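# Structure assessment
One letter stands for each residue in the lines below.
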Amino acid sequence: QAQARRGEIVLLFEDEVDLNLLPGVLGCWTLRGQQRKVPTPGVNVKRYGFGAVNFMTGQLTHAIGERKNSDGFIQLVEQIVATYCPGASWQGPKVMLVIDNYIIHRSQKTAAVLAKYADRLGVVPLPTYSPKLNLIERLWKHLRRKVTHNHLFADIDDLVVAVKKFLTDLDSHRLEVLSVI
């Protein structure tokens, strides 16, 4: 973090989030004697968000996929490279990507892509079972509170549209992102 503050590196915190059509139910205010009812679809459908947040600027990079796999993570890595360090040869600050120990971050497919960009992109693995150290977890909690909890979407496509809109809007309010993380 000190290196990012000095401008020596670009520091990004990355993680995945499950997006469930089945809404999470969270406590909320209601009138005394009334109970808020949240309808459910009966059968859950999922999509998966992949995201990274810039520690210094609050800039968000995100993608949504049908599966939480190496392909989705690689898609995010490609977006990060295109955003922060494009071109055939990179002379700017190295991008350091803080990741957890999820299996898709260690697959052979992922390792090949990370090796391809080793001149401009480094990986910082977090200790096992340490979600509090990954700042983007706070952003996922904020997303759930604002978009997915206590709300039933007509279908998974509507949920994906709402999540993309929220993240895109949030990216234009980077001070809010920084206050969340």
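Refer to the structure above for everything that follows.
Scope of this entry: the structure provided in the associated data block. (Residues numbered from 1 in each chain as written. Predicted model: local features only at pLDDT ≥ 70, side-chain atom pairs only at ≥ 80, totals over all residues. Heavy atoms only, no water.)

### Digging into the overall build of the protein chain
A count of helical and extended segments in the protein chain gives six helices and five strands. Counting helices and strands in the order they occur from the N terminus, the protein chain gives α-β-β-β-α-β-α-β-α-α-α. Taking 2.2 N^0.38 as the reference for a compact globule, 181 residues should give roughly 16 Å; the C-alpha atoms of the protein chain span a radius of gyration of 18 Å, in line with that estimate. For the protein chain, the spread of C-alpha atoms along the three principal axes comes to 60 × 35 × 30 Å. Out of the 181 residues in the protein chain, the part that is buried amounts to 43%. Considering only contacts in the protein chain between residues 6 or more positions apart, those separated by 24 or more positions represent 75%. Here the protein chain has roughly 10,300 Å² of accessible surface; of this, 54% comes from carbon and sulfur atoms. Computing the positive centroid from 23 side-chain charges and the negative centroid from 17, the protein chain places the two 6 Å apart. (Helix = DSSP H or I, 4+ residues; strand = E, 2+ residues; numbered from the N terminus. Rg over C-alpha atoms; globule rule 2.2 N^0.38 Å. Buried < 20%, exposed > 50% of the residue type's maximum accessible area, 1.4 Å probe, protein only. Contact = heavy atoms within 4.5 Å. Areas by Shrake-Rupley, 256 points an atom, 1.4 Å probe, with all protein chains shown as cover. Lys, Arg positive; Asp, Glu negative; His and termini not counted. Charge placed at Lys NZ, Arg CZ, Asp CG, Glu CD.)

### Some thoughts on the nonpolar core
If you look at the biggest cluster of nonpolar residues, it comprises 31 residues, and the most contacted ones within it are L11, F13, L143 and V163. Once residues within four sequence positions are removed from consideration, L143 is found in contact with V17, L19, T148, V163 and F166. By size, the runner-up hydrophobic cluster in this structure holds 21 residues, among which are I74, V95, I99 and V113. (Core = buried A, V, L, I, M, F, W, Y, C linked by side-chain atoms within 4.5 Å.)

### Considering the sheet that holds strand β5 (residues 121-125)
Taken together, five strands build an open sheet; the order of strands is β3-β2-β1-β4-β5 and the sheet is mixed. Both outer strands of the open sheet, β3 (60-65) and β5, are each paired with one neighbouring strand and no more. The average undirected angle you get between the axes of adjacent strands in this sheet is 25 degrees. Packed on one face of the sheet, helix α4 (residues 136-148) meets β1 (9-20), β2 (46-54) and β3 and runs near 35 degrees to β1. (Pairing = 2+ DSSP bridges. Axes fitted to C-alpha atoms, helices over the stretch in contact; angles between N-to-C directions.)

### Structural notes on the pattern of salt bridges
When the charged atoms of two side chains lie near each other, side chains of opposite charge can form a pair. Scanning the entire structure with this criterion turns up eight salt bridges. Residue K46 pairs with D18 through a salt bridge whose shortest N-O separation is 3.7 Å. Placement of the pair is K46 in strand β2 and D18 in strand β1, with a sequence separation of 28 residues. Residue class for K46 comes out partly exposed when judged on its relative accessible area of 33%. Among the residues examined, D18 registers a relative accessible area of 26% and is labelled partly exposed. Here K116 ties to E78 by a salt bridge, and the two come within 3.9 Å at their closest N and O atoms. Taken together, the positions of K116 in helix α3 (residues 108-116) and E78 in helix α2 (residues 70-84) put the pair 38 residues apart, joining distant regions of the chain. Counted as one network, the salt bridges with shared partners bring together D18, K46 and K68. (Salt bridge = Lys/Arg side-chain N within 4 Å of Asp/Glu carboxyl O.)

### What to know about the pairing of strand β4 (residues 94-99)
Most of β4 is tucked away: five of the six residues are buried. As paired strands, β1 and β4 are joined by five bridges and run parallel to one another. When the bridges of β4 are listed, L11 appears paired with M96. Two elements, β4 and β5, share five bridges in a ladder whose sense is parallel. Its bridge partner being in β5, M96 is matched across the sheet by G122.

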